[in-house]
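# Secondary and tertiary structure notes
Okay, here's what each chain looks like letter by letter:
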Amino acid sequence: MQPICIKRRCKHLSSSGCTLGNSKPFGCDLYPLAYDPASREFYLDSECPLSGRYADQLSSPDSDASRHLNRMAMTIRGLERTDLDYLEANFAFDREYFSLTPVNRTPD
Ligand code: SF4
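Read on for an overview of the structure.

## Side note on the overall build of the protein
For the protein, the count of helices and strands is 4 helices and 5 strands. Going residue by residue from the N terminus, the α and β elements of the protein occur as β-β-α-β-β-α-α-α-β. Compactness check: the protein gives a C-alpha radius of gyration of 14 Å against a globular reference of 13 Å for 108 residues, within 12% of the reference. Referenced to the eigenvectors of the C-alpha coordinate spread, the extents of the protein come out at roughly 35 × 30 × 25 Å.

Pasting the structure below:
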């Protein structure tokens, strides 16, 4: 499995960040979360520089992190019906490259 933006420079990365905005791929949109379709649990990459702030925000339902978690959960519910193999492959990648810790909050 090839790393996407850890060891190779993604062609969509500019000096001001990702040029794809809201159209970025699912795996990028999901970060710093990861999702295990087997356990149906979310995880957080503890090596992401924003992981501490993200985790703190999850205690507030109106925070950016909580909105992100809920939006990703909705996307994942659709993928669980249509493309479970993709979710499993995505999690295999995340588990290999990230330092995952469980998210202590369930989506709304
Ligand atoms: S977030 Fe954007 S720049 Fe980063 S790997 Fe994904 S597509 Fe590329």
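## Side note on the sheet that holds strand β4 (residues 41-45)
Here 3 strands make up an open sheet; going across it, the order is β3-β4-β5 and the pairing antiparallel. On the outer flanks of this sheet lie β3 (33-36) and β5 (100-102), each paired with one strand and no other. Sheet twist, expressed as the average angle between the axes of neighbouring strands with direction ignored, equals 40 degrees. Sheet topology note: the β4/β5 ladder contains 3 bridges and is antiparallel.

## Some thoughts on helix α3 (residues 64-82)
Along its 19 residues, α3 runs 27 Å from first to last C-alpha, staying within 8% of the 27 Å computed at 1.5 Å per residue. Along α3, the positions that sit buried rather than exposed are Ala65, Leu69 and Ile76. Buried residues in α3, looked at end-on, bunch into an arc of 40 degrees, giving them a common side. Counted as exposed and oriented over 90 degrees from the buried face of α3: Asp64, Met74, Arg77, Gly78, Arg81 and Thr82. On its buried face, α3 is in contact with β3, β4, α2 (51-57) and α4 (84-97).

## Considerations on the environment of Ser23
In this fold, Ser23 is placed in the loop between β2 (17-18) and α1 (26-30). Looking at Ser23, the number of C-beta atoms within 10 Å reads 10, which means it is exposed. Separated by 73 residues in the primary sequence, Ser23 and Glu96 place their C-alpha atoms 25 Å from one another.

## Remarks on the packing of α3 against α4
Helix packing geometry: the angle between the two helix axes and the distance between the axes. Put simply, α3 and α4 touch, their axes get as near as 6 Å, and they point 120 degrees apart. The orientation of α3 relative to α4 falls into the category oblique. Residues Ile76, Leu79 and Glu80 of α3 pack against Leu84, Tyr86 and Leu87 of α4. Each residue belonging to the contact of α3 with α4 can be placed in one class, and the counts come to 5 nonpolar, no polar and 1 charged.

Rules used in this analysis
- Throughout this description, residue numbers start from 1 for each chain and increase along the sequence as written.
- Two thresholds apply to this predicted model, a pLDDT of at least 70 for residue-level local features and 80 or more for giving and counting side-chain atom pairs, whereas whole-chain, interface and lining totals are computed over all residues.
- The secondary structure listing takes helices from DSSP runs of H or I that are at least 4 residues long and strands from runs of E that are at least 2 residues long, numbered from the N terminus.
- Radius of gyration: C-alpha atoms only; globule rule: 2.2 Å multiplied by the number of residues to the exponent 0.38.
- Strand pairing requires that DSSP identify at least two bridges connecting the strands.
- Axis geometry follows a simple rule: fit a line to the C-alpha atoms, using only the stretch in contact for helices, then measure angles between N-to-C directions, giving values from 0 to 180 degrees.
- Helix span, as expected, comes to 1.5 Å for every residue beyond the first.
- As a rule, residues whose C-beta atom has 12 or fewer other C-beta atoms within 10 Å are exposed, those with 20 or more are buried, and those in between are partly exposed; C-beta atoms are placed from the backbone.
- To obtain the arc, one takes the directions from the helix axis to the C-beta atoms.
- This entry defines residue contacts through backbone-placed C-beta atoms, with two residues in contact when those atoms are within 7 Å.
- Just so you know how the angles are binned, under 35 degrees is roughly parallel, over 145 roughly antiparallel, 65 to 115 roughly perpendicular, and the rest oblique.
- Residues are grouped as follows: Ala, Val, Leu, Ile, Met, Phe, Trp, Tyr, Cys and Pro are nonpolar; Asp, Glu, Lys and Arg are charged; all remaining types, including Gly, are polar.

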